[in-house]
Amino acid sequence: MKSSISLSRRQFVKTSLGGCLSIGVGTAVPSFLANALGEQVKQDENILVVVQLTGGNDGLNTVVPFQDDAYYKARPKLGIAAKDLLKEGGELGLHPSLRGFHELMQEGTASVVQGVGYPNPNRSHFESMDIWHTCLRKDKKRSDGWLGRYVDQNNGSLSEDVPALHVGGGKQPLALATRNVRVPSLNKLTDFQLQGNHQEVIEAVLETELTSPASEKGGLLDFVQSSTTSAISASKRVSDAVQQYRPEFKYPETDLARKLSTVAQLINSGLKTSVYYVELDGFDTHAEQVDTHAILLRDWSDAVSAFMKDLKARDHADRVCVMTFSEFGRRVAENASGGTDHGAAGPMLICGGKVKSGFLGQTPDLTDLDDGDIQHQIDFRQVYAGILRDWLHVSPREVILGQFPPLSLFS
């Protein structure tokens, strides 16, 4: 009975304090709670930054097999001329908007994983995204996501800072859904505020402490001090980050760049969050694709490039991996509206100081299609497994709910 009461109080406090990383350290907070311990900030944990390209990115016009006549035959209007591509590899070229990403590849800090998908692909945005988020199809119960399971299963070994963060104003991705640990969303650093009345939380904790049997006080008080100290310490670091941070490289004036700049500030603040998640929407290019796709790819490439350069200048690039994915690629053949429809497999794009640079996997065979779609050669869960095993250093099986050979992504 004693342990269940103690656990309940601990859960209450942890849940309440989990979102209050920006509580004010003022006169309303009891002095013993505000007496931070001056925690030494560790700078050696690896960090995963996920960039979701929502809508289904046209992978075939992102990484172009310009020596394949089948490409230009299927895309007489949308096919990108070889002379306009950013050449990287003997038979492949990058979309001309990907200049920043191309520079990262030439520096040896970026890679393209080709032909990524899953068996029996689903062309529904919602269902396919849910599959990528949960590693499960809809005939299975999907209450948490793969990153949520990582957080839940490794919470004991993770720091007391929030283990994962969604940076953006929309709905939190299912990939971050957890069973036991709170994962907050924020739109900007000034939103890093207590969600609820922290004074009520602290008063409730103190009242509980005063009325508890003497035998229960020490553990709960220690827990409160530890949790609150951590929250206050994190708050101070974030506050300092806002006031002191000056990007080493100028970020573009785009929404994605703003989100990644926020992530860079949080990383540089010493916050020991291991997973960040951001999104770029608009890739559902059924009509008039040329200009729209070019702008979206430029937004992504310029933002990620500025982010990586900023991190490198602050000596964080070697502990950050940026994984970019979309819920599916587009069909190989263009449609009559100057666009492309929902397809299947596509490339994933990986950046980071420790990433194996270049192309992983075979160039898609455009003469051997599956109902007009590129066949997948690498299951997306192999990419997840490689990141979990070799970057986040956990067993992938329980996170991706199956046995998939990890892809070797890091040097």
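Residues numbered from 1 in each chain as written. Predicted model: local features only at pLDDT ≥ 70, side-chain atom pairs only at ≥ 80, totals over all residues. Heavy atoms only, no water.

The name given to the chain in an unreviewed UniProt entry is DUF1501 domain-containing protein, and the organism recorded there is Blastopirellula marina.

Colleague: Looking at this model, I keep getting lost on the pattern of salt bridges. Mind explaining?
Modeller: Two side chains bearing opposite charge may form a pair once their charged atoms approach each other closely. Summed over all chains, the structure comprises 17 salt bridges. Ionic pairing is found between arginine 149 and aspartate 144, a salt bridge with its closest N-O pair at 2.9 Å. Side by side, arginine 149 and aspartate 144 carry an identical accessibility label, which is buried. Of the charged contacts in the structure, one is a salt bridge between aspartate 255 and lysine 259, with a shortest N-O distance of 3.2 Å. (Salt bridge = Lys/Arg side-chain N within 4 Å of Asp/Glu carboxyl O. Buried < 20%, exposed > 50% of the residue type's maximum accessible area, 1.4 Å probe, protein only.)

Colleague: Just checking my understanding: could you explain the packing of aromatic side chains for this structure?
Modeller: Any aromatic ring pair is given by two values, namely how distant the centres are and how the planes are angled relative to each other. Applying the stated criterion to the full structure yields nine aromatic pairs. Measuring from ring centre to ring centre gives 3.7 Å for tryptophan 146 and tyrosine 384, while their planes differ by 5°; the resulting arrangement is stacked. Of the two residues, tryptophan 146 is situated in helix H5 (residues 146-153) and tyrosine 384 in helix H10 (residues 380-390); the sequence distance between them amounts to 238 residues. Tyrosine 384 shares its class with tryptophan 146; the two are buried. Taking the centre distance of 4.7 Å and the plane angle of 20° together, the rings of tryptophan 391 and phenylalanine 410 count as stacked. Placement of tryptophan 391 in the loop between H10 and helix H11 (397-400) and of phenylalanine 410 in the segment after H11 is noted, with a sequence separation of 19 residues between them. (Phe/Tyr/Trp six-rings, centres within 6.5 Å; stacked < 30°, edge-to-face > 60°. Helix = DSSP H or I, 4+ residues; strand = E, 2+ residues; numbered from the N terminus.)

Colleague: Sorry, what's going on with the side chain of aspartate 58 here?
Modeller: Here aspartate 58 shows up in the loop between strand S1 (47-54) and strand S2 (63-64). We classify aspartate 58 as buried; its relative accessible area is 0%. Within the structure, aspartate 58 has its side chain in polar contact with the side chain of glutamine 289 (distance 2.7 Å). (Polar contact = N/O pair within 3.5 Å; in protein donor to acceptor, adjacent residues only side chain to side chain.)

Colleague: Is there a simple way to explain the sheet that holds S2 in this structure?
Modeller: Pairing is antiparallel across the open sheet formed by three strands, whose spatial order is S2-S4-S3. Each having just a single partner strand, S2 and strand S3 (86-87) make up the two edges of the open sheet. Relative to strand S4 (residues 93-94), S2 runs antiparallel, the two sharing two bridges. When the bridges of S4 are listed, valine 64 appears paired with glycine 93. (Pairing = 2+ DSSP bridges.)

Colleague: How should the packing of helix H3 (residues 99-107) against helix H9 (residues 289-313) be read in this particular structure?
Modeller: Helices that pack against each other are described as a pair by the angle of their axes relative to one another and the distance between those axes. For the pair H3 and H9, the least separation of the axes is 6 Å and the interaxial angle reads 45°. Judged by the angle between their axes, H3 and H9 are oblique. Here Arg99, Gly100, Phe101, Glu103 and Leu104 of H3 come into contact with H9, specifically with Trp300, Ser301, Asp302, Val304, Ser305, Met308 and Lys309. (Axes fitted to C-alpha atoms, helices over the stretch in contact; angles between N-to-C directions. Parallel < 35°, antiparallel > 145°, perpendicular 65-115°, else oblique. Contact = heavy atoms within 4.5 Å.)

Colleague: Whenever I open this one, H9 confuses me. Can you help?
Modeller: An α-helical turn contains 3.6 residues, so a residue and the one three or four places further along point in the same direction. If you check H9, its first and last C-alpha atoms are 36 Å apart, about what 25 residues at 1.5 Å a residue would give, namely 36 Å. Once H9 ends, the next one or two residues include aspartate 315, with phi positive near 65°. (Expected span 1.5 Å × (residues − 1).)

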